[in-house]
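Coordinates in review
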Amino acid sequence: KAFSNLCTSPSGVLFENSLLQVGVKHEYVGAQGRISVFFGNLHSSPLHNLKVKVDQPDHLRTQMQGTQDLLDDGESDTPGCTVATKTQAKLIILVEVTAPFDDAPSMRITFETEQGERHDYPLRLPLVATCFMEPVNLDPGAFMQRWKSLEGPDRECQEVMKLPPTSEIDEAYMDRVANVIINGMKFGRCQGVDPTPWTVSGAATFRTGAKDLNGNNINVGCLVRVEANPKANAFRVTTRTLHPLCSKAIKNVSLVSIKLAAA
């Protein structure tokens, strides 16, 4: 749930137990992002040999810097850093996305307590495709024209999600869903596409730092429709883009957003 929250929030706690708190603050402009990760010692004694290994997938250009000896490059046998009680280590990650993707980079944290207990926490950074969206505002006619032009199994991704009996779909719920899609996923809401309050339609552009043959940045237009069925207590999410990974990624984050809106 902490990871899901951070996919559509600029800051928060990614992980916490009695020993360690991992906080994240992230911001994006176009195809570039800056992620700050904080590793706070909540224990009564120092945490030793703290190391962090971050996945660097092919679709991200990455630069990292942090507290001395914090980063695990997989090549050095030097011990990690020591974090005194009530202090924190820090990691800054600068990224540029170069291609569509539908997963989140892994981040593995290892350390030892004063008593010699070893801890190993495999986590994921909330770095998802919708972080690199820019909202697009379309009138109903333009939205439907683009929607129809993107028909096809390699461009559309769809899933129906049934809510638990404790959740009830009402207009307040739909307002929360719309808010997460607009503010959290950075889609422009396309009003007037549907004559019903039970549908939210949005458009955005997925920005990348990759260049085409003419030297222009490669971008992907993205559309989403979230349709509620109050009687069946279910949602249908449909996404359409020119790239199947973009369609899948937006669908996945949309489903997460709908679950969060229930809270």
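**Quick word on helix 3 (residues 171-184)**
- Taking 1.5 Å as the rise per residue, helix 3 with 14 residues should run 20 Å; its terminal C-alpha atoms sit 19 Å apart, in good agreement.
- Among the residues of helix 3, Tyr173, Met174, Val177, Ala178, Val180, Ile181 and Gly184 are the ones counted as buried.
- Where the residues of helix 3 are buried, they touch helix 1 (2-7), strand 12 (188-189), strand 13 (199-211), strand 14 (217-229), strand 15 (234-241) and helix 4 (244-261).
- Immediately downstream of helix 3, the backbone of lysine 186 shows phi near 65°, a positive value.

**A short note on the sheet that holds strand 1 (residues 11-16)**
- Read across the sheet, 5 strands follow the order 1-2-3-7-5 without closing on themselves; strand pairing throughout is antiparallel. Of all the strands in the sheet, just strand 1 and strand 5 (60-66) have a single pairing partner and so form its edges. Looking at each pair of strands side by side, their axes are set apart by 20° on average, direction ignored.
- Pairing of strand 1 with strand 2 (residues 20-29) involves 5 bridges; the strand directions are antiparallel. Residue valine 13 lies in a different strand from strand 2, and its bridge partner there is glycine 23.

**Examining the sheet that holds strand 9 (residues 118-124)**
- With antiparallel pairing, the 4 strands of this open sheet are ordered in space as 6-4-8-9. In the strand order of this sheet, the two ends are held by strand 6 (81-83) and strand 9, each with one partner. Mean inter-strand twist for the sheet, computed between neighbouring axes without regard to direction, equals 30°.
- As defined by bridge partners, strand 4 (residues 47-54) adjoins strand 8 (residues 106-112) across 5 bridges and the pair is classed as antiparallel. Within the sheet, the bridge partner assigned to valine 52 lies in strand 8 and is isoleucine 109.

**Concerning the nonpolar core**
- The biggest cluster of nonpolar side chains holds 67 residues, and the ones touching the most others in it are Val37, Phe39, Met107, Ile109, Phe132, Phe206 and Phe235.
- It is helix 4 that provides the largest number of residues to this core, a total of 7 residues.
- With sequence-adjacent residues up to four places away left out, methionine 107 is seen in contact with Leu14, Val22, Val37, Phe39, Val52, Lys53, Val54, Tyr121, Pro122, Leu123, Arg124 and Leu125.
- Within the second largest apolar cluster, 9 residues are counted, among which are Val136, Leu138, Leu150 and Ala203.

**Looking at the side chain of threonine 238**
- With respect to the helices, strands and loops of the structure, threonine 238 is situated in strand 15.
- Residue threonine 238 is classed as buried on the basis of its relative accessible area, which comes to 3%.
- Every residue in contact with threonine 238, bar those within four places of it in the chain, is listed here: Trp147, Glu156, Cys157, Gln158, Leu223, Val224, Arg225 and Glu227.

Parameters at a glance
- Residues numbered from 1 in each chain as written.
- Predicted model: local features only at pLDDT ≥ 70, side-chain atom pairs only at ≥ 80, totals over all residues.
- Heavy atoms only, no water.
- Helix = DSSP H or I, 4+ residues; strand = E, 2+ residues; numbered from the N terminus.
- Expected span 1.5 Å × (residues − 1).
- Buried < 20%, exposed > 50% of the residue type's maximum accessible area, 1.4 Å probe, protein only.
- Contact = heavy atoms within 4.5 Å.
- Pairing = 2+ DSSP bridges.
- Axes fitted to C-alpha atoms, helices over the stretch in contact; angles between N-to-C directions.
- Core = buried A, V, L, I, M, F, W, Y, C linked by side-chain atoms within 4.5 Å.

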